[in-house]
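Understanding the architecture of this molecule
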Amino acid sequence: MKMNCACMLLAVICAGSASNAVAVLRAHSSVELRAAPKLSSFDISCYMEKDPAGESGGAGGRSYRGLVSTTVSGFTCQKWVDDKPHEVSDKIKPVPDRKSKEGMEWGNGIGNHNYCRNPTGKKRPWCYTTDLNKEWEECEIPKCDVPRDWTGEAKMLGREAEAVGCRCIEHLHGLSLDGASALAMLGVTKDGKPCRCETADHR
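Attention here is on the structure that accompanies the text. (Residues numbered from 1 in each chain as written. Predicted model: local features only at pLDDT ≥ 70, side-chain atom pairs only at ≥ 80, totals over all residues. Heavy atoms only, no water.)

Section: the overall build of the chain
When its secondary structure is counted, the chain shows four helices and five strands. Written out in order from the N terminus, the α and β elements of the chain read α-α-β-β-β-β-β-α-α. Buried residues in the chain amount to 25% of all 203 residues. Considering only contacts in the chain between residues 6 or more positions apart, those separated by 24 or more positions represent 56%. Entry remark: accessible area of the chain is about 14600 Å², with carbon and sulfur atoms responsible for 56%. (Helix = DSSP H or I, 4+ residues; strand = E, 2+ residues; numbered from the N terminus. Buried < 20%, exposed > 50% of the residue type's maximum accessible area, 1.4 Å probe, protein only. Contact = heavy atoms within 4.5 Å. Areas by Shrake-Rupley, 256 points an atom, 1.4 Å probe, with all protein chains shown as cover.)

Things to note about the environment of Glu105
The topology assignment puts Glu105 in strand β3 (residues 103-105). Along the sequence, Glu105 and Gly58 sit 47 residues apart, while their C-alpha atoms lie 7.5 Å from each other. In contact with Glu105, other than residues within four places in its own chain, are Ser56, Asp97 and Arg98.

Describing the state of the cysteines
A complete count under the given rule lists three disulfides for this structure. Disulfide pairing places Cys46 opposite Cys144 at an S-S distance of 2.0 Å. Judged by the sign of its S-S torsion, about 100 degrees, the cystine formed by Cys46 and Cys144 is right-handed. With Cys46 in the loop between α2 (41-44) and β1 (55-56) and Cys144 in the loop between β5 (136-138) and α3 (150-157), the pair connects residues that are 98 residues apart, well separated along the chain. For Cys46, a relative accessible area of 28% corresponds to the partly exposed category. A residue is classified by how much of its surface remains accessible, and Cys144, at 17% relative accessible area, is buried. (Disulfide = S-S within 2.5 Å.)

This is the structure we're talking about:
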């Protein structure tokens, strides 16, 4: 009888310890969740696949300066200045950004942080991970929309007419000039002049 009571008492103590342990684990995990808030699209930003006009050295996300610090598989990034758990290559040294009259020359954005960067010319931003079994991995960052080249598009879409004067409208649109009135800037003639068509020109 005494043995049974002792066993029951031990079971109650163990159960209490287990429930306490679960409570501690839950509290710890909730703290971790609160410590890693979801980033906004502004914080995530995007990376440039190619250098835009007036910039150099930033292709492939080398110019990325956003705050993403996790990889595509969800690994947390290791700080660039740390050597544990993975040793950072000796070739990776901080290179500052330089702005001049000629434009922006991007460095590599490396510093005392664990944000995704691309100091080595990979396809997109990446980082060393804090996982012992995964040295590095690319980060889940969207590519930036490339600004439209309006001047280039205008040149590409522009059409030169074979005729000069207002006959160019026939070449551009296949329209008859009968009844045309105040039709301006419908194209460029072969001699480079704006095509301005008015009924008065054909009287």
